[in-house]
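For reference, the chains in residue letters:
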Amino acid sequence: MDIQEQLITAIKEIGAWSKENFGDQEGDGLKLGRIAPFLGIIEEVGELSRSSDYADLKDASGDMMIFLTDYLMRTGWPAEEIAKMYSTACRSLALPNLQNLVITLAELCHTELKRVQGIRGMDDLETYTSKQRGNVAYLVSWLHTNFSRWGSQDTPLTVLVEVWQRVRQRNWKVNKLNGMVAEKSEEAAAESRVLRQGSPRL
């Protein structure tokens, strides 16, 4: 399969995996739906800002792309449309600084909040979708530019597909600590250490 076919397959798998593991993202008296992976996007921006090397940055970027995908799937986007938007967004930005990333996240927060409240024009589906698309595309472009700044040939597309191969092995219903089915495996032990250090992952 070429990268576009791999991407579409991964996107569909992410949507199914998230539903299987987390249902409607309901707990503690809340039913978050698409807002749960949106919170995950913000979490991974924090991980990106603390990245000490390229491996950390790549891992956080992959997790962020998975959260983005789950967010869009739960919004109702078809996998093919998500893949097309991701591919189009893989372009370099002039000013890919962290401040612009935070501003974009704030605009997406505004979009989601007003959509739920049904005000500021976000009750109109076309307006909401347009705002959502523009902000998500910027996030993907930001990640693409960040890879380029490290001199890497990686893109948000290839990193999503690569990191997903690891994340997809997790079953949070079986193991609520780190999602690993084989708890005695080396990777499971590493995940446990990460959790004890207070840096949760997908």
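To keep things clear, this report deals only with the structure shown in the data block. Everything numeric here is computed off the predicted structure, so don't read it as measured data.

## A word on the overall build of the protein
Okay, step 1: Along its length, the protein carries eight helices and two strands.
Okay, step 2: On C-alpha atoms alone, the protein measures out to a radius of gyration of 17 Å, which is about the 17 Å that the 2.2 N^0.38 rule sets for 202 residues.
Okay, step 3: Projected onto its principal axes, the C-alpha positions of the protein cover 50 × 45 × 35 Å.
Okay, step 4: Just so you have it, the protein exposes about 10500 Å², and 53% of that area is on carbon and sulfur atoms.
Okay, step 5: Of the charged side chains in the protein, 24 are positive and 28 negative; the average position of the first set lies 3 Å away from that of the second.

## Some points on the packing of helix α1 (residues 3-22) against helix α4 (residues 79-89)
Okay, step 1: Running from amino to carboxyl end, α1 crosses α4 at an angle of 130 degrees, the nearest separation of the two axes being 9 Å. Between α1 and α4, the angle falls in the class oblique. With respect to the hand of their crossing, α1 and α4 are arranged in right-handed fashion. Each of Gln 4, Leu 7, Ile 8, Ile 11 and Lys 12 in α1 lies in contact with α4, whose residues at this interface are Ala 79, Glu 80, Ile 82, Ala 83, Lys 84, Tyr 86 and Ser 87.

## A word on α4
Side chains that are three or four residues apart share a direction in an α-helix, a result of its 3.6 residues per turn.
Okay, step 1: The set of residues buried in α4 consists of Ala 79, Ile 82, Ala 83, Met 85, Tyr 86 and Ala 89. Buried residues in α4, looked at end-on, bunch into an arc of 165 degrees, giving them a common side. What points out from α4, more than 90 degrees from its buried face, is the exposed set Lys 84 and Thr 88.
Okay, step 2: Its buried side turned inward, α4 meets α1, α3 (54-75), α6 (125-149) and α7 (156-167).

## Side note on the nonpolar core
Okay, step 1: Grouped together as the largest cluster of nonpolar side chains are 49 residues, with contacts concentrated most on Ile 41 and Tyr 86.
Okay, step 2: Of all elements in the fold, only α1, α2 (35-49), α3, α4, α5 (98-117), α6 and α7 reach the threshold of two or more residues within this core.
Okay, step 3: The leading source of residues in this core is α3, at ten residues.
Okay, step 4: Ignoring anything within four residues of it in the chain, the contact list for Ile 41 reads Met 64, Phe 67, Leu 68, Tyr 71, Leu 105 and Leu 139.

## What to know about the environment of Asp 124
Okay, step 1: Mapped onto the elements, Asp 124 comes out in the loop between α5 and α6.
Okay, step 2: Distance in space between the C-alpha atoms of Asp 124 and Asp 154 is 37 Å, their sequence separation being 30 residues.

Criteria and cut-off values
- Residues numbered from 1 in each chain as written.
- Predicted model: local features only at pLDDT ≥ 70, side-chain atom pairs only at ≥ 80, totals over all residues.
- Heavy atoms only, no water.
- Helix = DSSP H or I, 4+ residues; strand = E, 2+ residues; numbered from the N terminus.
- Rg over C-alpha atoms; globule rule 2.2 N^0.38 Å.
- Areas by Shrake-Rupley, 256 points an atom, 1.4 Å probe, with all protein chains shown as cover.
- Lys, Arg positive; Asp, Glu negative; His and termini not counted.
- Charge placed at Lys NZ, Arg CZ, Asp CG, Glu CD.
- Axes fitted to C-alpha atoms, helices over the stretch in contact; angles between N-to-C directions.
- Parallel < 35°, antiparallel > 145°, perpendicular 65-115°, else oblique.
- Left-handed = near helix turned anticlockwise from the far one by under 90°.
- Contact = heavy atoms within 4.5 Å.
- Buried < 20%, exposed > 50% of the residue type's maximum accessible area, 1.4 Å probe, protein only.
- Arc of directions from axis to C-beta.
- Core = buried A, V, L, I, M, F, W, Y, C linked by side-chain atoms within 4.5 Å.

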